[in-house]
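Residue-level listing of the chains:
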Amino acid sequence: MEVIYTGLRQTPEMIVNAALQEDVQVIGLSILSGAHNAIVPRVMELLKEKEMTDVKVIVGGIVPDEDAAQLKSMGVAAVFQPGSSLEGIVDFIRSSVRQAA
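Residues numbered from 1 in each chain as written. Predicted model: local features only at pLDDT ≥ 70, side-chain atom pairs only at ≥ 80, totals over all residues. Heavy atoms only, no water.

Visitor: Where do I start with the pairing of strand β1 (residues 26-31) in this structure?
Guide: For a regular strand, side chains alternate in direction, first toward one face of the sheet and then toward the other. The two faces of β1 differ: I27, L29 and I31 on one face are buried, but V26, G28 and S30 on the other face are not. Bridging between β1 and strand β2 (residues 56-61) involves six bridges; their strand directions are parallel. The residue bridging S30 from the neighbouring strand is G60, located in β2. Crossover β1 to β2 through helix α2 (residues 36-49) is right-handed. (Buried < 20%, exposed > 50% of the residue type's maximum accessible area, 1.4 Å probe, protein only. Helix = DSSP H or I, 4+ residues; strand = E, 2+ residues; numbered from the N terminus. Pairing = 2+ DSSP bridges. Right-handed = clockwise from strand over helix to strand, strands pointing away.)

Visitor: Would you take a moment to explain the packing of aromatic side chains for this structure?
Guide: To describe a pair of aromatic rings, one takes the distance between the centres and the angle between the planes. Here the structure, examined in full by the defined rule, presents one aromatic pair. Aromatic pair F80 and F92: ring centres 5.8 Å apart, planes at 70°, arrangement edge-to-face. Highlighted residues: F80 in strand β3 (residues 78-80) and F92 in helix α4 (residues 86-96), separated in sequence by twelve residues. By relative accessible area, F80 is classed as buried at 15%. (Phe/Tyr/Trp six-rings, centres within 6.5 Å; stacked < 30°, edge-to-face > 60°.)

Visitor: Would you mind going over the packing of α2 against helix α3 (residues 65-73) with me for this structure?
Guide: Axis angle and axis distance: for two packed helices, these are the angle between their axes and the distance between the axes, and together they describe the pair. Here α2 crosses α3 at 10°, and the two axes come no closer than 11 Å. In terms of orientation, α2 and α3 fall into the roughly parallel class. For the pair formed by α2 and α3, the contact residues are H36, N37 and V40 on the first element and D67, Q70 and L71 on the second. Looking at side-chain class alone, the contact of α2 with α3 contains two nonpolar, three polar and one charged residues. (Axes fitted to C-alpha atoms, helices over the stretch in contact; angles between N-to-C directions. Parallel < 35°, antiparallel > 145°, perpendicular 65-115°, else oblique. Contact = heavy atoms within 4.5 Å. Nonpolar A, V, L, I, M, F, W, Y, C, P; charged D, E, K, R; others polar.)

Visitor: Please explain the environment of V26 as it appears in this structure.
Guide: Looking at the element boundaries, V26 is found in strand β1. As a C-alpha pair, V26 and D67 span 41 residues in sequence and 20 Å in three-dimensional space. Not counting the four nearest positions on each side in its chain, V26 is found in contact with V55, K56, I58, I93 and V97.

Nothing here speaks to function; it is geometry throughout.
Okay, structure coming up:
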């Protein structure tokens with residue numbers, strides 16, 4: 001896997017533009033601030049606008065169960081809450097994306 005880290009405090013527009021430029025398969029958002037209900041819907045909207053619906057979005061951080069269910073209903077592939085193992089996250093990504101030729 002190649003990981004492209006864009007840094008802290010990126011706007012949804014910056015996130016999606018970087019994903020488009022780098023031709024990513026997965027966007028991983030780590031949100032500890034509770035802003036998942038504002039940031040994630042906008043990222044999903046922008047991905048749709050840019051016809052990037054094949055890009056998987058995963059979210060990690062402090063996300064209550066009811067919010068996790070709502071995020072999944074809008075197309076988030078997975079939500080990893082506190083206590084999730086790195087191995088579990090990597091396994092999910094590997095099993096969810098196509099392999100590069």
